[in-house]
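Architecture at a glance
One-letter residues, chain by chain:
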There are 2 protein chains.
Amino acid sequence: MNSITEKFLHMISDYKEMWNSSYYIREDGGCAGTQSTKNVSLKPIPGGGGLEIKVEPGTKGENIYIPACVTHGNMDDIVHNDFYIGEDADVTIVAGCGVHNDDHEDARHNGIHRFFLAKGAKVRYEEKHVGSGETDGKKIIDPVTDVFLEENAVMQMDTIQIGGVDKTIRRTNAELKKGAKLIIHESILTEHEQTAETEFHVDMQEPDSTVDLVSRSVAKDESYQNYHSVIKGNTRCTGHSECDAILMGNGKVNASPELFAGDIDASLIHEAAIGKIAGEQIIKLRTLGLTEEEAEAKIIEGFLTGYQM
Amino acid sequence: MNSITEKFLHMISDYKEMWNSSYYIREDGGCAGTQSTKNVSLKPIPGGGGLEIKVEPGTKGENIYIPACVTHGNMDDIVHNDFYIGEDADVTIVAGCGVHNDDHEDARHNGIHRFFLAKGAKVRYEEKHVGSGETDGKKIIDPVTDVFLEENAVMQMDTIQIGGVDKTIRRTNAELKKGAKLIIHESILTEHEQTAETEFHVDMQEPDSTVDLVSRSVAKDESYQNYHSVIKGNTRCTGHSECDAILMGNGKVNASPELFAGDIDASLIHEAAIGKIAGEQIIKLRTLGLTEEEAEAKIIEGFLTGYQM
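Residues numbered from 1 in each chain as written. Chains lettered and ligands numbered in written order. Predicted model: local features only at pLDDT ≥ 70, side-chain atom pairs only at ≥ 80, totals over all residues. Heavy atoms only, no water.

The name an unreviewed UniProt entry gives chain A is SufD family Fe-S cluster assembly protein, with Gallibacter intestinalis as the organism. UniProt, in the comment section headed Sequence similarities (unreviewed entry), describes chain A in these words: "Belongs to the iron-sulfur cluster assembly SufBD family." (UniProt positions renumbered as here; feature names shortened; annotations may be inferred.)

Written out as structure tokens, the structure is:
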């Protein structure tokens, strides 16, 4: 792998020297290293368009790393990864994405991930997005995540965009069967002229399904973020969504969370708050010796990452 | 006026025998009585299409009644009323609407109201909507309310739809200047196959403007309600919106409140909750001797009207 990919792996995938587990490193559309294990097979789809990842039923505690990096401009990388998680498996999938661009043409990564969780399966999915490079070539990351949860399956998605991404459109769709649970924590930082668009669509189709959706945004400088979520409950179910945003400079945020209750036993709640950092918080940290900039940075960091477990 | 109109006036306009104030009773597109006062003039627009209502600057404590009734089917009544409220005036406007239909053709009232509040003016606007009649002819009420608030003007809208309206599309738009304040309390009850659609669009354009929007819905039987609000803050301003809904039977509700913050000093908050009546509440009232139906009715009544001042 090249040095840019290696740098990204440290940032997005807890990379030390190599992982002692299954992995597939995608670099500029090619493969820069892969390994399967007894319980986890990563099989390239013919043509290089992505992977078929299979986790055997009952597999416990394994990590699966599938980072994707784009390291130069004039690149539009699209990958389709399908994850089949066997019954009662319990695994962690780390799927960070880094896009570096030193050129004048755009560099884009578009990861289309489908998760099929069998009965009782549990997945923790971590996704860190980052961009780097100082030219006018844009760094673009457009992930699509489709989640299908069978009976009592549980998926927790922790996604964070930590900076440097010029443009992102994030789409997440989920269908929940009986007793299934989806937890999503999303944090997005935009600065300069960056834009971020987020679209969630969660459909609770069978009784006792649950969704908990927490989105945190920081919009700095001239950046803009647009958030839209739809939670549909056509059954006995529980839905909670929360979107909080901090404005800095000339940042702008539009938040539009939608709840649809089509059953008397659907219980749906939403909260949203948009505003700037409270003055008292800055003052408190300054009395501890921080400059105003340091205090702001501390608050932003806590806001974006503090609730992630 | 006919007996249906008179019945409606008791329901929607605190009518006893006659009002000792300015009024205009609209019945099936015609006039069933009107009166102006020294400070409040109600002038019909030529052609019967509505009224120009002028309130002199500094007018305090007057009530203005402008009920509108449709008393039979095959009627599509559209009225344009413009309200010009002078500086520092403080008045109450009662604008109920009743639609009765014993026929097989639809009966519809469409009131288009524009409010121009001058500096420091205060208006309390009350709007009660009700339908009656047992035939298959629909009772339809489609109000459009446009509110323009100059510096430090305050408008409080209390609107309630208490039943019998088959279909309603309610559109409310507001533009707020410096220090202006808009308070909206909306309550809608739908039952049977009724549908209600609500659209709010509030634009806070100048510093220190405030909006507080509270919507309460009860969707019974097979009825459906759709709520969409947009609160825009492009300045130092405060916005709060809250939409709560109770489901009964096969009632369905879609709530989609939108917040746009385009200024670091815009502070916007939203809350929403959809669900059925909590079992404990029913049990508590039943221990006081109420039947389950009486307990439910009590809770619904409190929910829809309790917060209205």
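The structure having been displayed, the exposition proceeds.
All names here are of chain A. Applying the stated criterion to the full structure yields 0 disulfides over all chains. Cys 31 takes part in no disulfide bond, and the closest cysteine sulfur to it belongs to Cys 69, at a distance of 12 Å. Of all cysteine sulfurs in the structure, the one in Cys 97 sits closest to Cys 69, which takes part in no disulfide; the separation is 6.9 Å. (Disulfide = S-S within 2.5 Å.)

Turning our eyes to something else, we now look at the domain arrangement of chain A. All names here are of chain A. Partitioning chain A into domains gives domain 1 (3-275) and domain 2 (277-309). One C-alpha centre belongs to domain 1, the other to domain 2, and the line joining them spans 27 Å. Contact with domain 1, which involves 19 residues of that partner, is made by 9 residues of domain 2. With both chains or domains summed, domain 1 and domain 2 bury close to 1,200 Å², and 68% of this area falls on carbon and sulfur atoms. Counting across the interface, domain 1 meets domain 2 through 0 salt bridges. Elements that contribute at least two residues to the side of domain 1 that touches domain 2 include exactly β14 (154-161), β16 (181-190), β18 (209-219) and β20 (237-247). Sorting elements by how many residues they give to the side of domain 1 that touches domain 2 places β16 first, with 5 residues. (Domains from an automatic or database assignment. Contact = heavy atoms within 4.5 Å. Buried area = accessible area lost by both parts, 1.4 Å probe. Salt bridge = Lys/Arg side-chain N within 4 Å of Asp/Glu carboxyl O. Helix = DSSP H or I, 4+ residues; strand = E, 2+ residues; numbered from the N terminus.)

With that settled, consider a negative patch on the surface. Together, Asp 102, Asp 103, Glu 105, Asp 106, Glu 134 and Asp 136 of chain A line one region of the surface with negative charge. As for its placement among the helices and strands, Asp 106 of chain A is situated in the loop between β9 (97-100) and β10 (107-117). (Patch = residues over 30% accessible without salt bridge, like charges linked within 9 Å, V, L, I, M, F, W, Y side chains within 5 Å. Areas by Shrake-Rupley, 256 points an atom, 1.4 Å probe, with all protein chains shown as cover. Lys, Arg positive; Asp, Glu negative; His and termini not counted. Charge placed at Lys NZ, Arg CZ, Asp CG, Glu CD.)

As a further point, take the relation of the copies chain B and chain A. For these two chains of identical sequence, chain B goes onto chain A by a turn of 180 degrees and a shift of 0.0 Å along the axis, with RMSD 0.0 Å. The superposition operator between the copies reduces to a two-fold rotation axis. Proximity to the rotation axis, assessed at the C-alpha, singles out Glu 271 of chain B in chain B; its C-alpha lies 2.3 Å from the axis. An overlap of 100% is found between the interface residues of chain B and their copies at the interface of chain A, pointing to a shared contact surface. (Least-squares fit on C-alpha atoms with pLDDT ≥ 70 in both.)

On to the packing of aromatic side chains. Residue and element names in this part refer to chain A. Applying the stated criterion to the full structure yields 16 aromatic pairs over all chains. Taking the centre distance of 4.7 Å and the plane angle of 65 degrees together, the rings of Phe 115 and Tyr 125 count as edge-to-face. Of the two residues, Phe 115 is situated in strand β10 and Tyr 125 in strand β11 (residues 122-132); the sequence distance between them amounts to 10 residues. Of the residues examined, Phe 115 reaches a relative accessible area of 0% and is grouped as buried. Centroid distance Phe 200 to Tyr 227: 6.1 Å. Interplanar angle 55 degrees. Geometry classified as tilted. In this pair, Phe 200 sits in strand β17 (residues 195-204) while Tyr 227 sits in strand β19 (residues 224-233), placing the two residues 27 residues apart along the sequence. Given a relative accessible area of 5%, Tyr 227 falls into the buried group. In this structure, Lys 7 is placed above the aromatic ring of Phe 8, and the distance from its NZ or CZ to the ring centre is 5.2 Å. (Phe/Tyr/Trp six-rings, centres within 6.5 Å; stacked < 30°, edge-to-face > 60°. Buried < 20%, exposed > 50% of the residue type's maximum accessible area, 1.4 Å probe, protein only. Lys NZ or Arg CZ within 6 Å of the ring centre and 35° of its normal.)

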